[in-house]
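Here's the letter readout for the chains.
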Amino acid sequence: LESLLLLVLWVLASQSGPLSTFSTPGTQDATAAATAEKGLHMQKVGSGSVRAALAELVALPCLFTLWPRPGAAREAPRIKWTKVRTASGQRQDLPILVAKDNVVRVAKGWQGRVSLPAYPRHRVNATLLLGPLRASDSGLYRCQVVRGIEDEQDLVPLEVTGVVFHYRAAQDRYSLTFAEAQEACRLNSATIAAPRHLQAAFEDGFDNCDAGWLSDRTVRYPITQSRPGCYGDRSSLPGVRNYGRRDPRELYDVYCFARELGGEVFYVGLARRLTLAGARAQCRRQGAVLASVGQLHLAWHEGLDQCDPGWLADGSVRYPIQTPRRRCGGPVPGVRTVYSFANRTRFPAPGERYDAYCFRAANLKSKELSLMCKLGGKKNLFVGRPCPLGAFSSMGGATAQV
Ligand SMILES: *[C@@H]1O[C@H](CO)[C@@H](O)[C@H](O)[C@H]1NC(C)=O
Ligand SMILES: *[C@@H]1O[C@H](CO)[C@@H](O)[C@H](O)[C@H]1NC(C)=O
């Protein structure tokens, strides 16, 4: 509730100019009094969100000005960074760090991943450096500066883009050379993942017991819940297993990293299901193409939830699940893959009938808008116009819980 109140206060403050209640009566003339009564000023960085890719470092800007105030001149401002909302707009109240008198205290859970690079050399620059980024870092951040009774804040939305996914070739498990692994990712709107991508995905809970190529020619796999058959080089500990650098002719699966959707993925379900060729034709009729595996993962990352297997461009059949439920493939969220064999190999034959997932390129403007609407909530804090209806419905289960 506290942060909600602060949010409301912030909206009031930004709409009605300086808060007169913070003024201290004085004998100076009007101009001098205006400067003296408000010695602390946030330089609002604007309403744009900060976007950065998984595993990168990002700077969340926070700048303010400080005028010496008679009587309080020696008091140092207290800087506080807090994460106030999750990516889906749910209220969160995670303290990140506090800085005062040149001492920076980092909260547990953020240690080693945050710093104030300009502070205390530039005491009015409280810009926060955060990373390597995880998907769960997406959300709304608050920078608050307090000196005496003066209290200013700025809000910075952060969107972490990109998703890591496991890819297995059509015919069998462990059938890709290093070169083929790179090509498989490229054909699916992605690049072969770097070790830092897989590590970030692991920190977010990614668990997959299949050894796959990474960009540095090592072979690894992420295990959050250690179990027989998935011990690798870490026995019963959770962690990313590592086979080390391998001969590029050896055969494995691959981990890919897809960065940006740059459009929309939509589901097509006709009464009479489609063959692979029929699915391709149907997408084309709707001004689109069959989605790639990378595009479906990105759409899932953005909230797509559909318990219906559909064709993709590589001839695989998959479906995205946000809210795990019975008969939708297991207890954790994720993109499900339909295999022909019980040992999870071989794509379905092209003549089999399923639905389809199509991809249509769109301008990034509308994507930005929908993120702003998501983070700003129905009150529309960041957008100067009505939010599109889809901005909320696309959040699936997350919205339902609010
Ligand atoms: C604030 O600090 C950040 C990080 O060191 C830096 O990139 C930025 O240029 C600084 N801004 C100003 C206005 O000094
Ligand atoms: C999976 O099963 C199929 C059919 O039984 C078989 O041909 C294939 O070799 C198996 N793959 C693995 C990795 O066990």
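Our structure is the block above this text.
As the structure is a computational prediction, the values presented were derived from the model and not from experiment.

A closer look at the site of ligand 2
Step number 1: Inspection of the region around ligand 2 gives Asp172, Arg173, Phe341, Asn343 and Thr345 as its neighbouring residues.
Step number 2: Contact distances for ligand 2 include 3.2 Å between a nitrogen atom and a side-chain N or O atom of Asp172.
Step number 3: Take Asn343: an N or O atom from its side chain is 2.3 Å from an oxygen atom of ligand 2.
Step number 4: Against a free-state accessible area of 360 Å², the protein chains account for coverage of 44% of ligand 2.
Step number 5: Split by residue class, the shell around ligand 2 holds 1 nonpolar, 2 polar and 2 charged.

Section: the nonpolar core
Step number 1: Ranked by size, the top nonpolar core spans 80 residues in total, and within it Leu60, Trp81, Leu158, Val254 and Val265 carry the most contacts.
Step number 2: Formed by 13 residues, the second largest nonpolar core is a distinct cluster that contains Phe266, Val268, Leu276 and Leu290.

Concerning the pattern of salt bridges
Step number 1: A full pass over the atoms with the stated rule returns 18 salt bridges.
Step number 2: When the shortest N-O distance is used, the salt bridge between Arg51 and Glu159 registers 2.5 Å. Highlighted residues: Arg51 in strand E2 (residues 50–53) and Glu159 in strand E11 (residues 150–161), separated in sequence by 108 residues.
Step number 3: Across the salt bridge formed by Arg168 and Asp210, the nearest N and O atoms sit 2.7 Å from each other. With a gap of 42 residues between them, Arg168 in the loop between strand E12 (163–167) and helix H3 (178–186) and Asp210 in the loop between helix H4 (195–203) and strand E14 (212–213) connect regions that are remote in the sequence. Here Arg168 matches Asp210 in class, with each residue buried.
Step number 4: Within this structure, Arg168, Arg173, Asp210 and Asp253 form a network of salt bridges that share partners.

Definitions and cut-offs
- Residues numbered from 1 in each chain as written.
- Chains lettered and ligands numbered in written order.
- Predicted model: local features only at pLDDT ≥ 70, side-chain atom pairs only at ≥ 80, totals over all residues.
- Heavy atoms only, no water.
- Near = heavy atom within 4 Å.
- Polar contact = N/O pair within 3.5 Å; in protein donor to acceptor, adjacent residues only side chain to side chain.
- Areas by Shrake-Rupley, 256 points an atom, 1.4 Å probe, with all protein chains shown as cover.
- Nonpolar A, V, L, I, M, F, W, Y, C, P; charged D, E, K, R; others polar.
- Core = buried A, V, L, I, M, F, W, Y, C linked by side-chain atoms within 4.5 Å.
- Buried < 20%, exposed > 50% of the residue type's maximum accessible area, 1.4 Å probe, protein only.
- Salt bridge = Lys/Arg side-chain N within 4 Å of Asp/Glu carboxyl O.
- Helix = DSSP H or I, 4+ residues; strand = E, 2+ residues; numbered from the N terminus.

Worth remembering: the numbers are spatial, not functional.
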